[in-house]
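# Topology and contacts: notes
Here's the letter readout for the chains.
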Amino acid sequence: MNASSRRRLVRQITIYGSALVVFVLMAFPLYGLLLTSLQPETVIRSRDVQFLPSTLYFEHFRAVLAPGHIVPLREGILNSLLVSILTAAVCLIVALPAAYALSRLRVPGKNAMLVAMVSVYFLPTTIFLIPMFVLFVSWGINDTFLSLVLAYSGFILPFEIWILKTFIDRLPREVEDAARIDGCTHMQVMRHVVLPMVRPGIMAGFIFAFILSWIEFLTPLIFTSDIKISTVALGMFRSTIDIEVGQQAAAAVLTLLPVALLMIVFQRLITQVLMAGADR
(Lines give C-alpha, C1' and ligand atoms only; values in the text may rest on other atoms or scores of the structure.)
Protein backbone atom coordinates (compact mmCIF):
# COMPACT_ATOMS: atom_id res chain seq x y z
CA MET A 1 0.00 0.00 0.00
CA ASN A 2 1.52 3.29 -1.10
CA ALA A 3 1.50 6.56 0.87
CA SER A 4 -1.50 8.00 -1.00
CA SER A 5 -3.60 4.92 -0.27
CA ARG A 6 -2.61 4.99 3.39
CA ARG A 7 -3.59 8.66 3.70
CA ARG A 8 -6.92 7.93 2.03
CA LEU A 9 -7.52 5.00 4.40
CA VAL A 10 -6.64 7.07 7.47
CA ARG A 11 -8.96 9.84 6.27
CA GLN A 12 -11.84 7.42 5.76
CA ILE A 13 -11.29 5.82 9.15
CA THR A 14 -11.22 9.27 10.78
CA ILE A 15 -14.42 10.39 9.03
CA TYR A 16 -16.39 7.22 9.74
CA GLY A 17 -15.02 6.98 13.27
CA SER A 18 -16.04 10.55 14.03
CA ALA A 19 -19.47 9.91 12.53
CA LEU A 20 -19.84 6.81 14.71
CA VAL A 21 -18.93 8.77 17.85
CA VAL A 22 -21.46 11.50 17.01
CA PHE A 23 -24.13 8.88 16.31
CA VAL A 24 -23.53 7.14 19.64
CA LEU A 25 -23.60 10.43 21.56
CA MET A 26 -26.91 11.36 19.91
CA ALA A 27 -28.53 7.93 20.00
CA PHE A 28 -27.67 6.99 23.58
CA PRO A 29 -30.05 9.49 25.29
CA LEU A 30 -32.84 8.45 22.89
CA TYR A 31 -32.22 4.80 23.65
CA GLY A 32 -32.23 5.58 27.36
CA LEU A 33 -35.60 7.30 26.95
CA LEU A 34 -37.02 4.34 25.04
CA LEU A 35 -35.56 1.92 27.57
CA THR A 36 -37.17 3.83 30.44
CA SER A 37 -40.57 3.73 28.74
CA LEU A 38 -40.41 -0.07 28.30
CA GLN A 39 -39.58 -1.11 31.87
CA PRO A 40 -41.73 -1.25 35.02
CA GLU A 41 -41.57 1.65 37.44
CA THR A 42 -40.07 -0.55 40.17
CA VAL A 43 -37.18 -1.47 37.88
CA ILE A 44 -36.66 2.13 36.72
CA ARG A 45 -36.30 3.38 40.29
CA SER A 46 -33.90 0.58 41.26
CA ARG A 47 -30.41 -0.43 40.27
CA ASP A 48 -31.70 -3.35 38.20
CA VAL A 49 -32.27 -1.41 34.98
CA GLN A 50 -31.22 -3.64 32.11
CA PHE A 51 -29.43 -2.19 29.10
CA LEU A 52 -30.95 -5.00 27.01
CA PRO A 53 -34.20 -5.95 28.79
CA SER A 54 -35.43 -9.53 28.45
CA THR A 55 -39.10 -8.45 28.44
CA LEU A 56 -40.85 -5.32 27.21
CA TYR A 57 -43.40 -3.52 29.38
CA PHE A 58 -46.01 -1.54 27.41
CA GLU A 59 -48.26 -0.52 30.29
CA HIS A 60 -46.81 3.00 30.39
CA PHE A 61 -47.98 3.62 26.81
CA ARG A 62 -51.46 2.29 27.56
CA ALA A 63 -51.67 4.49 30.63
CA VAL A 64 -50.71 7.79 28.99
CA LEU A 65 -53.08 7.17 26.07
CA ALA A 66 -56.01 6.40 28.36
CA PRO A 67 -58.76 9.07 28.61
CA GLY A 68 -58.43 11.38 31.58
CA HIS A 69 -54.75 10.74 32.21
CA ILE A 70 -52.89 13.43 34.15
CA VAL A 71 -50.77 14.10 31.02
CA PRO A 72 -53.28 15.11 28.30
CA LEU A 73 -51.26 13.32 25.65
CA ARG A 74 -54.05 12.03 23.44
CA GLU A 75 -55.74 15.43 23.29
CA GLY A 76 -52.36 17.11 22.80
CA ILE A 77 -51.51 14.88 19.83
CA LEU A 78 -54.79 15.73 18.10
CA ASN A 79 -54.36 19.45 18.84
CA SER A 80 -50.76 19.49 17.63
CA LEU A 81 -51.72 17.57 14.50
CA LEU A 82 -54.40 20.13 13.66
CA VAL A 83 -52.24 23.17 14.42
CA SER A 84 -49.17 21.78 12.63
CA ILE A 85 -51.07 20.91 9.44
CA LEU A 86 -52.83 24.29 9.35
CA THR A 87 -49.57 26.13 9.99
CA ALA A 88 -47.75 24.24 7.26
CA ALA A 89 -50.59 24.94 4.80
CA VAL A 90 -50.70 28.66 5.65
CA CYS A 91 -46.93 28.97 5.34
CA LEU A 92 -46.92 27.32 1.92
CA ILE A 93 -49.78 29.49 0.62
CA VAL A 94 -47.97 32.68 1.67
CA ALA A 95 -44.35 31.61 1.10
CA LEU A 96 -44.70 30.29 -2.46
CA PRO A 97 -45.66 33.59 -4.17
CA ALA A 98 -43.24 35.48 -1.92
CA ALA A 99 -40.38 33.16 -2.84
CA TYR A 100 -41.26 33.42 -6.53
CA ALA A 101 -41.28 37.22 -6.36
CA LEU A 102 -37.93 37.36 -4.56
CA SER A 103 -36.40 34.89 -6.99
CA ARG A 104 -37.78 36.04 -10.35
CA LEU A 105 -39.25 39.55 -10.12
CA ARG A 106 -37.49 42.88 -9.81
CA VAL A 107 -38.47 43.67 -6.23
CA PRO A 108 -36.83 46.82 -4.83
CA GLY A 109 -34.69 45.98 -1.81
CA LYS A 110 -35.25 42.24 -2.01
CA ASN A 111 -31.75 41.50 -0.73
CA ALA A 112 -32.45 43.65 2.32
CA MET A 113 -35.73 41.77 2.79
CA LEU A 114 -33.92 38.43 2.77
CA VAL A 115 -31.35 39.68 5.29
CA ALA A 116 -34.15 41.04 7.51
CA MET A 117 -36.00 37.72 7.40
CA VAL A 118 -32.90 35.74 8.34
CA SER A 119 -32.08 38.24 11.10
CA VAL A 120 -35.30 37.32 12.88
CA TYR A 121 -33.71 34.06 14.01
CA PHE A 122 -30.83 35.88 15.71
CA LEU A 123 -33.18 37.63 18.14
CA PRO A 124 -34.80 36.16 21.29
CA THR A 125 -38.25 34.74 20.62
CA THR A 126 -39.78 36.54 23.61
CA ILE A 127 -39.17 39.90 21.90
CA PHE A 128 -41.92 38.99 19.44
CA LEU A 129 -44.15 36.81 21.61
CA ILE A 130 -45.15 39.42 24.18
CA PRO A 131 -46.29 42.08 21.64
CA MET A 132 -48.11 39.36 19.68
CA PHE A 133 -49.85 38.19 22.83
CA VAL A 134 -51.01 41.73 23.64
CA LEU A 135 -52.23 42.13 20.06
CA PHE A 136 -54.11 38.83 20.06
CA VAL A 137 -55.76 39.69 23.36
CA SER A 138 -56.99 42.97 21.87
CA TRP A 139 -58.36 41.01 18.90
CA GLY A 140 -60.04 38.49 21.20
CA ILE A 141 -58.33 35.46 19.66
CA ASN A 142 -55.98 34.56 22.51
CA ASP A 143 -56.27 31.01 23.84
CA THR A 144 -57.46 29.72 20.45
CA PHE A 145 -56.07 27.53 17.70
CA LEU A 146 -56.04 30.59 15.43
CA SER A 147 -53.59 32.40 17.70
CA LEU A 148 -51.22 29.42 17.61
CA VAL A 149 -51.41 29.10 13.82
CA LEU A 150 -50.74 32.83 13.33
CA ALA A 151 -47.85 32.86 15.80
CA TYR A 152 -46.25 29.69 14.38
CA SER A 153 -46.65 30.97 10.82
CA GLY A 154 -44.97 34.26 11.68
CA PHE A 155 -41.87 32.49 12.96
CA ILE A 156 -41.70 29.78 10.29
CA LEU A 157 -42.44 31.91 7.21
CA PRO A 158 -38.90 33.37 6.78
CA PHE A 159 -37.39 29.89 6.76
CA GLU A 160 -40.16 28.62 4.47
CA ILE A 161 -39.57 31.44 1.97
CA TRP A 162 -35.84 30.70 1.97
CA ILE A 163 -36.47 26.99 1.26
CA LEU A 164 -38.82 27.65 -1.67
CA LYS A 165 -36.64 30.45 -3.07
CA THR A 166 -33.67 28.07 -3.11
CA PHE A 167 -35.62 25.56 -5.20
CA ILE A 168 -37.01 28.23 -7.55
CA ASP A 169 -33.51 29.68 -8.08
CA ARG A 170 -32.43 26.32 -9.50
CA LEU A 171 -35.21 26.13 -12.09
CA PRO A 172 -34.25 26.89 -15.70
CA ARG A 173 -35.51 30.31 -16.70
CA GLU A 174 -35.92 29.25 -20.33
CA VAL A 175 -39.10 27.29 -19.57
CA GLU A 176 -40.66 30.30 -17.87
CA ASP A 177 -39.58 32.62 -20.69
CA ALA A 178 -41.21 30.31 -23.23
CA ALA A 179 -44.45 30.39 -21.24
CA ARG A 180 -44.39 34.21 -21.16
CA ILE A 181 -43.83 34.33 -24.90
CA ASP A 182 -47.00 32.25 -25.24
CA GLY A 183 -48.86 34.93 -23.31
CA CYS A 184 -48.83 33.62 -19.74
CA THR A 185 -48.92 36.08 -16.86
CA HIS A 186 -46.66 35.80 -13.79
CA MET A 187 -49.42 34.05 -11.86
CA GLN A 188 -50.03 31.59 -14.70
CA VAL A 189 -46.31 30.90 -15.00
CA MET A 190 -46.08 30.26 -11.27
CA ARG A 191 -49.16 28.01 -11.25
CA HIS A 192 -48.60 26.00 -14.44
CA VAL A 193 -44.80 25.99 -14.77
CA VAL A 194 -43.09 26.70 -11.45
CA LEU A 195 -45.49 24.87 -9.14
CA PRO A 196 -45.13 21.43 -10.81
CA MET A 197 -41.34 21.79 -11.01
CA VAL A 198 -40.90 22.85 -7.39
CA ARG A 199 -42.91 20.03 -5.80
CA PRO A 200 -39.90 18.65 -3.87
CA GLY A 201 -39.44 22.10 -2.32
CA ILE A 202 -43.12 22.29 -1.43
CA MET A 203 -42.93 18.87 0.23
CA ALA A 204 -39.77 19.88 2.09
CA GLY A 205 -41.34 23.15 3.20
CA PHE A 206 -44.44 21.35 4.48
CA ILE A 207 -42.33 18.83 6.42
CA PHE A 208 -40.15 21.48 8.04
CA ALA A 209 -43.14 23.65 8.96
CA PHE A 210 -44.94 20.64 10.43
CA ILE A 211 -41.93 19.59 12.51
CA LEU A 212 -41.19 23.10 13.78
CA SER A 213 -44.85 23.52 14.78
CA TRP A 214 -45.00 20.10 16.42
CA ILE A 215 -42.02 20.65 18.71
CA GLU A 216 -42.75 24.29 19.66
CA PHE A 217 -43.07 24.77 23.42
CA LEU A 218 -42.69 28.44 24.35
CA THR A 219 -45.43 29.80 22.09
CA PRO A 220 -48.28 27.59 23.40
CA LEU A 221 -46.99 28.15 26.93
CA ILE A 222 -47.67 31.90 26.54
CA PHE A 223 -50.67 31.86 24.22
CA THR A 224 -52.79 29.12 25.79
CA SER A 225 -54.24 28.46 29.20
CA ASP A 226 -57.14 26.20 28.26
CA ILE A 227 -56.14 22.55 28.59
CA LYS A 228 -58.50 21.69 25.71
CA ILE A 229 -56.21 23.35 23.16
CA SER A 230 -52.94 22.32 24.79
CA THR A 231 -50.36 21.01 22.31
CA VAL A 232 -48.46 17.78 22.80
CA ALA A 233 -45.16 19.52 23.63
CA LEU A 234 -46.84 21.61 26.31
CA GLY A 235 -49.19 18.91 27.58
CA MET A 236 -46.30 16.78 28.81
CA PHE A 237 -45.39 19.47 31.34
CA ARG A 238 -48.91 20.19 32.55
CA SER A 239 -48.83 17.48 35.17
CA THR A 240 -47.90 16.98 38.81
CA ILE A 241 -44.82 15.58 40.49
CA ASP A 242 -46.74 12.36 41.20
CA ILE A 243 -46.55 11.08 37.62
CA GLU A 244 -44.49 7.94 37.11
CA VAL A 245 -41.15 8.29 35.37
CA GLY A 246 -41.98 5.48 32.96
CA GLN A 247 -45.19 7.17 31.88
CA GLN A 248 -43.39 10.46 31.32
CA ALA A 249 -40.82 8.63 29.19
CA ALA A 250 -43.60 6.91 27.21
CA ALA A 251 -45.25 10.28 26.58
CA ALA A 252 -41.94 11.69 25.35
CA VAL A 253 -41.44 8.72 22.99
CA LEU A 254 -44.93 9.18 21.52
CA THR A 255 -44.25 12.89 21.10
CA LEU A 256 -40.98 12.27 19.24
CA LEU A 257 -42.37 9.46 17.09
CA PRO A 258 -43.99 11.58 14.31
CA VAL A 259 -40.87 13.73 13.97
CA ALA A 260 -38.61 10.68 13.88
CA LEU A 261 -40.75 8.98 11.21
CA LEU A 262 -40.74 12.10 9.03
CA MET A 263 -36.96 12.43 9.38
CA ILE A 264 -36.44 8.77 8.44
CA VAL A 265 -38.87 8.68 5.51
CA PHE A 266 -37.81 12.02 4.03
CA GLN A 267 -34.16 12.09 5.09
CA ARG A 268 -32.90 12.48 1.51
CA LEU A 269 -35.22 15.42 0.86
CA ILE A 270 -34.33 17.06 4.18
CA THR A 271 -30.61 16.64 3.48
CA GLN A 272 -31.15 18.22 0.06
CA VAL A 273 -32.72 21.27 1.68
CA LEU A 274 -30.02 21.62 4.33
CA MET A 275 -27.31 21.40 1.67
CA ALA A 276 -29.20 23.57 -0.82
CA GLY A 277 -26.88 26.55 -0.52
CA ALA A 278 -23.65 24.59 -0.70
CA ASP A 279 -23.29 24.81 -4.48
CA ARG A 280 -24.34 28.43 -4.82
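The preceding data block contains the structure.
This section reports on the structure supplied with the text. (Residues numbered from 1 in each chain as written. Predicted model: local features only at pLDDT ≥ 70, side-chain atom pairs only at ≥ 80, totals over all residues. Heavy atoms only, no water.)

We now examine the overall build of the protein. Along the backbone of the protein there are 14 helices and zero strands. Traced from its N-terminal end to its C-terminal end, the protein shows the element sequence α-α-α-α-α-α-α-α-α-α-α-α-α-α. Expected size for 280 residues packed as a compact globule is a radius of gyration near 19 Å; at 23 Å, the protein overshoots this value by more than 25%. The dimensions of the protein, computed from C-alpha atoms along their principal axes, are 75 × 75 × 30 Å. Expressed as a percentage of the 280 residues in the protein, the buried residues total 36%. Across the protein, contacts joining residues at least 24 apart in sequence account for 73% of those joining residues at least 6 apart. Summed over its atoms, the accessible surface of the protein is roughly 16600 Å², and 70% of this surface lies on carbon and sulfur atoms. Taking the average place of the 21 positive charges on the side chains of the protein and the average place of its 16 negative ones, the gap between the two points comes to 12 Å. (Helix = DSSP H or I, 4+ residues; strand = E, 2+ residues; numbered from the N terminus. Rg over C-alpha atoms; globule rule 2.2 N^0.38 Å. Buried < 20%, exposed > 50% of the residue type's maximum accessible area, 1.4 Å probe, protein only. Contact = heavy atoms within 4.5 Å. Areas by Shrake-Rupley, 256 points an atom, 1.4 Å probe, with all protein chains shown as cover. Lys, Arg positive; Asp, Glu negative; His and termini not counted. Charge placed at Lys NZ, Arg CZ, Asp CG, Glu CD.)

Now for the packing of helix H1 (residues 3-37) against helix H13 (residues 245-265). Across the interface, H1 lies against H13 with an axial gap of 7 Å and an inter-helix angle of 125 degrees. Considered as vectors, H1 and H13 are oriented oblique to each other. Where H1 crosses over H13, the two elements pack in a sense that is left-handed. Residues Leu30, Leu33, Leu34, Thr36 and Ser37 of H1 form the contact with H13, whose own contacting residues are Val245, Gly246, Ala249, Ala250, Ala252, Val253 and Leu256. Of the residues belonging to the contact of H1 with H13, the class tally is nine nonpolar, three polar and no charged. (Axes fitted to C-alpha atoms, helices over the stretch in contact; angles between N-to-C directions. Parallel < 35°, antiparallel > 145°, perpendicular 65-115°, else oblique. Left-handed = near helix turned anticlockwise from the far one by under 90°. Nonpolar A, V, L, I, M, F, W, Y, C, P; charged D, E, K, R; others polar.)

What follows covers the pattern of salt bridges. Under the counting rule described, the total for this entry stands at five salt bridges. Across the pair Arg180 and Asp177 runs a salt bridge, and its minimum N-O distance is 3.2 Å. In this pair, Arg180 and Asp177 both sit in helix H8 (residues 173-181), three residues apart, roughly one turn of the helix. Residue Arg180 is classed as partly exposed on the basis of its relative accessible area of 27%. Look at Asp177 and you get partly exposed, because its relative accessible area is 39%. Put simply, Arg104, Glu176, Asp177 and Arg180 are held in one network by salt bridges that share partners. (Salt bridge = Lys/Arg side-chain N within 4 Å of Asp/Glu carboxyl O.)

So, about the environment of Leu269. Note on placement: Leu269 falls in helix H14 (residues 267-274). Here Leu269 falls in the buried class, since its relative accessible area comes to 14%. As a C-alpha pair, Leu269 and Pro200 span 69 residues in sequence and 7.4 Å in three-dimensional space. Each residue touching Leu269, except ones within four places of it in the same chain, is listed here: Pro200, Met203, Ala204 and Ile207.

The next subject is helix H10 (residues 199-215). Helix length check: H10 (17 residues) gives 25 Å between terminal C-alpha atoms against 24 Å at 1.5 Å per residue, within 8%. Where H10 is concerned, the buried positions are Gly201, Ala204, Gly205, Ile207, Phe208, Ala209, Phe210, Ile211, Ser213 and Trp214. (Expected span 1.5 Å × (residues − 1).)

For the rest of this paragraph, the subject is the side chain of Ser147. For Ser147, the location among the structural elements is in helix H7 (residues 145-169). Side-chain polar atoms of Ser147 contact the backbone oxygen of Thr144, separated by 2.6 Å. In contact with Ser147, not counting residues within four places along its chain, are Phe136, Ile141, Asn142 and Phe223. (Polar contact = N/O pair within 3.5 Å; in protein donor to acceptor, adjacent residues only side chain to side chain.)

Counted under the stated rule, the structure contains seven aromatic pairs. Between Phe159 and Trp162 the ring centres are 5.8 Å apart and the planes differ by 20 degrees, which places this aromatic pair in the stacked class. Within this pair, Phe159 and its partner Trp162 are both found in helix H7, separated by three residues, close to a single helical turn. On the accessibility criterion, Trp162 (34% relative accessible area) is partly exposed. With 5.7 Å between their ring centres and 20 degrees between their planes, Phe210 and Trp214 make a pair best called stacked. (Phe/Tyr/Trp six-rings, centres within 6.5 Å; stacked < 30°, edge-to-face > 60°.)

Turning next to unusual backbone geometry. For Asp143, which is not glycine, the phi dihedral falls at a positive 65 degrees. Its place among the elements puts Asp143 in the loop between helix H6 (126-139) and H7. Note on Asp143: relative accessible area 22%, which makes it partly exposed.

Glancing now at the nonpolar core. Residues Leu73, Val194 and Phe223 are the most contacted members of the largest nonpolar core, which totals 57 residues. For this core, the secondary structure elements donating two or more residues are helix H3 (59-64), helix H4 (73-104), H6, H7, helix H9 (186-197), H10, H13 and H14. The biggest single contributor to this core is H7, with twelve residues. Apart from the residues lying within four places of it in its own chain, the contact partners of Phe223 are Leu129, Met132, Phe133, Phe136, Asn142, Asp143, Ser147, Leu148 and Ala151. (Core = buried A, V, L, I, M, F, W, Y, C linked by side-chain atoms within 4.5 Å.)

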